[in-house]
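# Secondary and tertiary structure notes
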Amino acid sequence: MPRQIHLNAFDMSCPGHIQQGMWTHPRDQSYRINDLQYWTAYARRLEQGLFDGIFFADVVGVYDVYGGSPDAAVRGAVQIPANDPTVVIPAMAAVTKNLGFGVTCNLTYEQPFLFARRMSTLDHMTGGRIGWNIVTGYLDSAARAIGLQGQTAHDDRYDLADEYMSLVYKLWEGSWDDDAVIVDKDNAVFADPSKVRVIHHEGPQYKVDAMHLCSPSPQRTPVLYQAGSSTRGREFAATHAECVFVNGQKKEDVKGITADIKARAEAKGRSAEDIKVFLGATLIIGKTAAEAQEKFEEYRRYVSSEAALVHAAASLGIDFAKYDLDEPIETGKSQAIVSNVEIMNKAAGPKWTRRKLLEQMVLGSRQAPWVGSAEEISDLLIGWSEETGIAGFNLSRTVTPESIDDVITYLVPLLQEKGVYKTSYAEGTYREKLFGHARLPATHSAAKYRGGAAAK
């Protein structure tokens, strides 16, 4: 059987997500982020195309590294304004039956007890279709927003995250037994107290003495996404993640990261098949290669170079406004997204410049688009899948909604003809559709907190 390709829409509740400047295109609708009908129509489109899910990015700070000011970000709508993505998910779930929802939530700034309740509520409200992209943040502006001087060191954030995960696992997996809720109206007993436990947790960062406020949701723990591919991020993914999101690089690099994370997971007693890796990609598709190229050239007219540099400055932790076009840029030691700096060093060499960076950002992003006919793009996706071991792709939007419509109209039918894309959804929860089981397997680190073990 050929490898089945999974597709997620990669988006954010903001006008300017990855491809900076595209919101100015006359056909683009992303300015409608405050309109609930925009999101429900989007969800219906994705389900029509049998997308596995929508992967919501999010940040809780503003991009103020470029020029030491947020002005350029605000002016160019670089991930601001940005609404809370969790709020629109129930509405999108209400108009769909199968679409999954992976949502980015920053654990550094979320109290674990309240966050666990929110995720369980979303899992209930979506009928078991919620996923969580685990992030620890990379913006000093987010840290300052909640009263801190700045973010902690990169690897220290992962240490905090490990404890956070153990605590939310205890709440999701161990506080309530599956049969605790009985809804016995005759005897006025809604739930059996002997089957609901108080969680006692006291660690370096968190102290909780409480029972989980939600009854067991369909998945208990949401499908776990993680997007760090640094050495420390890979170790975290091998312990916790079910789906790993990596950014576009050379095939050999993606293959290496994929194999490394799976090997690390196996060393922890997990199965390599319990982890799926998704590659970020931007597709520009036409009926013919010439049509796709024409569309690409049209899109390029709306790129904002300044906004692209604003986004890159924040995620790389480097103020590009300080450098002339051809002045070598000193990367130094960044506490932002470490893997992004590593990728740029490989792509442009250790001495890269603003000019080199802008030459790579042909569509307002460091992620170069794949441009071609549906036939060419389908072969490209299949090749990447077979040669690197990835499970699928997170597709970032260009001009919305037409970029998604092009995938659904031209690409999906071709992938189906080639036997690498589903023709209908599998039954069950988000995790069941991806992995064939509703709950985390016994080999996952969360399993040790099930039952009475969680309360100890």
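The sections below set out a description of the structure shown in this document. Owing to the predicted nature of the structure, the values given are computational and were not obtained by experimental measurement. Throughout, a residue's number is its position along its own chain's written sequence, starting from 1. For a predicted model such as this one, the threshold for reporting local features is a pLDDT of at least 70, and the threshold for listing and counting side-chain atom pairs is 80 or more; totals across whole chains, interfaces and linings nevertheless cover every residue. To obtain the side-chain values, all non-hydrogen atoms of the structure were included, while hydrogens and water were left out.

### Some remarks on the sheet that holds strand β10 (residues 243–246)
Quick note on the threshold: Following DSSP output, two strands are said to pair if at least two bridges run between them. Here a strand is any run of E in DSSP of at least two residues, a helix any run of H or I of at least four, and the numbering for each starts at the N terminus. Where helices are involved, their axes are fitted lines through C-alpha atoms of the stretch in contact, as for all axes, and angles between N-to-C directions lie from 0 to 180°.
With parallel pairing, the eight strands of this closed barrel are ordered in space as β1-β2-β3-β4-β9-β10-β11-β14. For this sheet the average axis-to-axis angle between neighbouring strands, irrespective of direction, equals 25°. In the sheet, strand β4 (residues 130–135) pairs with strand β9 (residues 223–226) via four bridges, with the strands oriented parallel. Looking across to β9, one finds that N133 is bridged to Y225.

### Concerning a nonpolar patch on the surface
We count it as follows: Residues form patches when they are more than 30% accessible in relative terms and have no salt bridge. Like charges link within 9 Å. Nonpolar side chains (Val, Leu, Ile, Met, Phe, Trp, Tyr) link within 5 Å. Residue exposure ignores everything except the shown protein chains as possible cover, and the areas themselves are Shrake-Rupley values with a 1.4 Å probe. Salt bridges are defined as contacts in which a side-chain nitrogen from Lys or Arg sits within 4 Å of a carboxyl oxygen from Asp or Glu. Accessible area is worked out with a 1.4 Å probe on protein chains only. A residue is then buried under 20% of its type maximum, exposed over 50%, and partly exposed in between.
Side chains of V181, V183 and F190 sit close together on the surface and give an oily, nonpolar patch of about 260 Å² of accessible area. The topology assignment puts F190 in strand β6 (residues 189–191). We classify F190 as exposed; its relative accessible area is 55%.

### Concerning the packing of helix α8 (residues 251–267) against helix α13 (residues 374–388)
Under the convention used in this document: Note on terminology: angles under 35 degrees are roughly parallel, angles over 145 are roughly antiparallel, angles of 65 to 115 are roughly perpendicular, and the others are oblique. It is the rotation of the near helix from the far one that decides the hand of a crossing: anticlockwise by less than a right angle makes it left-handed, clockwise makes it right-handed. Whether two residues touch is decided by their heavy atoms; if any such pair falls within 4.5 Å, the residues are in contact.
One can describe the packing of α8 onto α13 by two numbers: an axis separation of 9 Å at closest approach and a directional angle of 45°. Looking at the two axes, α8 sits oblique to α13. Pair α8 / α13 crosses with right-handed handedness. Touching K251, V254, K255 and T258 of α8 are G383, W384, E387 and T388, all from α13.

### Here's the deal with the packing of aromatic side chains
The condition that has to hold: Working definition: rings of Phe, Tyr and Trp (its six-membered ring) pair if their centres are within 6.5 Å, and the pair is stacked with planes under 30 degrees apart, edge-to-face with planes over 60 apart, and tilted otherwise. Counted as over-ring charges are cases with an Arg CZ or a Lys NZ within 6 Å of the ring centre that also lie within 35 degrees of the ring normal.
Per the counting criterion, the structure on display carries 20 aromatic pairs. Considering the side-chain rings of Y158 and F236, the 5.4 Å spacing of their centres and the 50° angle between planes classify their relative orientation as tilted. Here Y158 is found in helix α6 (residues 154–174), whereas its partner F236 is found in helix α7 (residues 231–240), with 78 residues between them in sequence. Put simply, the rings of F10, F55, Y225, F245 and F278 touch in pairs and so form one group of aromatic residues. Note that K422 overlies the ring of Y421, its terminal NZ or CZ placed 4.6 Å from the centroid.

### Digging into helix α14 (residues 402–417)
To keep it simple, the criterion reads: The span you would expect from a helix comes to 1.5 Å times its residue count less one. The term bend refers to the angle at a residue between two fitted axes, each drawn through seven residues, those ending there and those starting there.
Taking 1.5 Å per residue, 16 residues should reach 22 Å; α14 reaches 22 Å between its end C-alpha atoms and fits that length. Along α14, the sharpest kink reaches roughly 40°, centred on L411 and followed within four residues by the proline P413. Of all the residues in α14, the buried ones are E402, S403, I404, D406, V407, I408, L411, V412, L414 and L415. A positive backbone phi angle near 75° is found at G419, which sits one or two residues after α14.

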